[in-house]
Amino acid sequence: MPVRTSDSSPSSPRRGKGVGLGLALLSAVAFGGSGVAAKPLIEAGLDPLHVVWLRVAGAALVMLPLAVRHRALLRRRPGLLAGFGLLAVAGVQACYFAALSRIPVGVALLIEYLAPALVLGWVRFVQRRPVTRAAAVGVVLAVGGLACVVEVWSGLGFDALGLLLALGAACCQVGYFVLSDQGSDAGDEAPDPLGVIAYGLLVGAAVLTVVARPWNMDWSVLTGTARMDGTPVAAFALLAWIVLVATVVAYVTGVLAVRRLSPQVAGVVACLEAVIATVLAWILLGEHLSAPQLAGGVIVLVGAFIAQSSTPSKGSGQPVASGGPERKLSRPGRAA
């Protein structure tokens, strides 16, 4: 999931915005392909937590040079780095991948897109700040769409624990959005997003090492093949995609994209992640969703879009919609 940043300058050239849109789309495609690559590994015999550990530890190793470069963050923002690693990295990934072992990829990701609605609940009932009417409409649409996705009329046709795990991923994303407000008023002293991502991955890898206990992993799975809708694929190739593309490339392109776009525009493009994941799961994994589920997915995305795009501009006296005026981590973000 891409990392949100402050608005680009109004004087940014049109070409820069075009490049930003391309990068944001690439980030959405990269993030959207994570579940499709992970599920065959889980079905081949790897525990979901082991897949998460491989993803996070591999990405942390790749990003280690950036962590060294931004080592001052350890002294300046230890709480932010710890929270980011626990929620935005370990929590989101562990819950999402565990959900994949029980429910379809598209359903898991669509449930995760309840996060903007849950953030509004945090703002309204915990921070006790008003939200816009449009944002409330977005929440209602998202919840209604989710009811179609899980087919509540048929008594929740999906695994209940899988649904709860996907909801847990959404709750961890709420923690991510709340943490994204940290440092928003620090100006030039705001933490660099690449440094936060690098240390978030390191913290997440450390936590997941204790939880997942990778020394008990069946490493032989990685030397064999996994099946994508019956087609054999090298397990190591799937892992390489998850680490290099669905994590490292996804985060980096997301950061570069939002530096050229407003948070609203970047958020709209990010919503394509759920669509991309559902389409890829349909094509590569044979996970066919019914017409009501597809319609519900569209409604979830529309609701998430309304909830995110109704945030007033910075300094506005209007009610907040999704966590306050436009966030700046300095360039805060969203996880996958």
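Residues numbered from 1 in each chain as written. Predicted model: local features only at pLDDT ≥ 70, side-chain atom pairs only at ≥ 80, totals over all residues. Heavy atoms only, no water.

Engineer: Where do I start with the layout of surface pockets in this structure?
Structural biologist: In this approach a probe as big as a water molecule rolls over the atoms, and the regions it shows empty are the leftover space. For the largest pocket, the calculated volume is near 160 Å³. Every residue along the wall of the largest pocket is listed here: Leu-110, Ala-274, Val-275, Thr-278, Val-279, Trp-282, Leu-289, Gln-293, Leu-294, Gly-297, Val-298 and Leu-301. Counting residues per element, the ones that place at least two in the lining of the largest pocket are α13 (272-285) and α14 (291-309). Residue composition of the lining of the largest pocket, grouped by class: nine nonpolar, three polar and no charged. (1 Å grid on protein atoms, 1.4 Å probe; cavity = no way out; pocket = protein on both sides within 12 Å on 5 of 7 lines; lining within 4 Å. Points joined across faces, edges and corners; volume = space filled by probe spheres on them. Helix = DSSP H or I, 4+ residues; strand = E, 2+ residues; numbered from the N terminus. Nonpolar A, V, L, I, M, F, W, Y, C, P; charged D, E, K, R; others polar.)

Engineer: I keep staring at the packing of helix α5 (residues 78-100) against helix α10 (residues 193-212) and nothing clicks. Help me out?
Structural biologist: Working note: a packed helix pair is described by the angle between its axes plus the distance between those axes. At a closest axis distance of 7 Å, the pairing of α5 and α10 adopts a crossing angle of 65 degrees. Note on packing geometry: the crossing formed by α5 with α10 is right-handed. The segment α5 lies against α10, with Leu-80, Leu-81, Ala-82, Phe-84, Gly-85, Leu-86, Val-89, Ala-90 and Ala-94 engaging Val-196, Ile-197, Tyr-199, Gly-200, Leu-201, Val-203, Gly-204, Val-207 and Leu-208. Residues that form the contact of α5 with α10 fall into these classes: 15 nonpolar, three polar and no charged. (Axes fitted to C-alpha atoms, helices over the stretch in contact; angles between N-to-C directions. Left-handed = near helix turned anticlockwise from the far one by under 90°. Contact = heavy atoms within 4.5 Å.)

Engineer: Whenever I open this one, the pattern of salt bridges confuses me. Can you help?
Structural biologist: Pairing between side chains of opposite charge can happen when the charged atoms of each approach one another. What the rule picks out here adds up to one salt bridge. Ionic pairing is found between Asp-159 and Arg-102, a salt bridge with its closest N-O pair at 3.1 Å. You can see Asp-159 sitting in the loop between α8 (133-149) and α9 (160-180) and its partner Arg-102 sitting in the loop between α5 and α6 (105-112), a full 57 residues away along the chain. Given a relative accessible area of 29%, Asp-159 falls into the partly exposed group. Classification of Arg-102 by relative accessible area gives partly exposed; the value is 41%. (Salt bridge = Lys/Arg side-chain N within 4 Å of Asp/Glu carboxyl O. Buried < 20%, exposed > 50% of the residue type's maximum accessible area, 1.4 Å probe, protein only.)

Engineer: Looking at this structure, I do not really get the packing of aromatic side chains. What am I missing?
Structural biologist: For any pair of aromatic rings, geometry is given as the distance between the ring centres together with the angle between the planes. Enumeration over the complete set of coordinates arrives at two aromatic pairs. Measuring from centroid to centroid gives 5.7 Å for Tyr-96 and Phe-97, while their planes differ by 65 degrees, and the two rings are edge-to-face. Of the two residues examined, Tyr-96 and Phe-97, each falls in the buried class. (Phe/Tyr/Trp six-rings, centres within 6.5 Å; stacked < 30°, edge-to-face > 60°.)

Engineer: I tried to follow α10 on my own but got confused; where do I start?
Structural biologist: For an α-helix, the turn length of 3.6 residues means that residues three or four places apart are oriented alike. When the terminal C-alpha atoms of α10 are compared, their 27 Å separation across 20 residues agrees well with the 28 Å that a helix rising 1.5 Å per residue should span. Arg-213, located one to two residues past α10, shows a positive phi value of around 50 degrees. (Expected span 1.5 Å × (residues − 1).)

Engineer: Help me out: how do you make sense of the pairing of strand β2 (residues 231-234) in this one?
Structural biologist: Remark: a regular strand shows side chains that alternate across the two faces of the sheet. With four bridges connecting them, strand β1 (residues 225-228) and β2 associate as antiparallel partners. Residue Ala-226 lies in a different strand from β2, and its bridge partner there is Val-233. The turn joining β1 and β2, which pair antiparallel and follow one another in sequence, is formed by two residues; a positive phi near 55 degrees is taken by Asp-229. (Pairing = 2+ DSSP bridges.)

Engineer: Help me understand the confidence of the model for the protein chain in this model?
Structural biologist: The predicted coordinates ought not to be read in detail in places where the model reports low pLDDT. Scored by pLDDT, the protein chain comes out at a mean of 76, with 74% of its residues at no less than 70. At the low end of the mean pLDDT range in the protein chain sits helix α12 (residues 263-270), at 55; at the high end sits helix α3 (residues 48-69), at 94. Contacts from residues 1-12, a stretch scored under 50 in pLDDT, to residues over four places away or in other chains number 58 contacts. Note on residues 312-336: pLDDT is under 50 here. Beyond four places in sequence and across chains, it has 114 contacts. (pLDDT = per-residue confidence, 0-100.)

Engineer: It is not clear to me how the nonpolar core should be interpreted in this structure. Could you clarify?
Structural biologist: Across soluble globular proteins, you tend to see nonpolar side chains buried next to one another. Counting residues in hydrophobic clusters, the biggest one holds 72 residues, and the most contacted among them are Leu-46, Val-51, Tyr-96, Leu-100, Ile-103 and Leu-201. With 12 residues, α5 is the single largest residue contributor to this core. (Core = buried A, V, L, I, M, F, W, Y, C linked by side-chain atoms within 4.5 Å.)

Engineer: How should a nonpolar patch on the surface be read in this particular structure?
Structural biologist: A cluster of nonpolar side chains, Leu-25, Val-29, Leu-272, Val-275, Val-279, Trp-282, Ile-283, Leu-284 and Leu-294, forms an exposed patch at the surface whose accessible area comes to about 690 Å². With six residues, the top contributor of residues to the nonpolar patch is α13. Considering the arrangement of structural elements, one finds Val-29 in helix α1 (residues 14-32). (Patch = residues over 30% accessible without salt bridge, like charges linked within 9 Å, V, L, I, M, F, W, Y side chains within 5 Å. Areas by Shrake-Rupley, 256 points an atom, 1.4 Å probe, with all protein chains shown as cover.)

Engineer: Is there a simple way to explain the environment of Leu-163 in this structure?
Structural biologist: As for its placement among the helices and strands, Leu-163 is situated in helix α9. Look at Leu-163 and you get buried, because its relative accessible area is 11%. Taking the C-alpha atoms as reference points, Leu-163 and Leu-100, 63 residues apart in sequence, are found 9.6 Å from one another.

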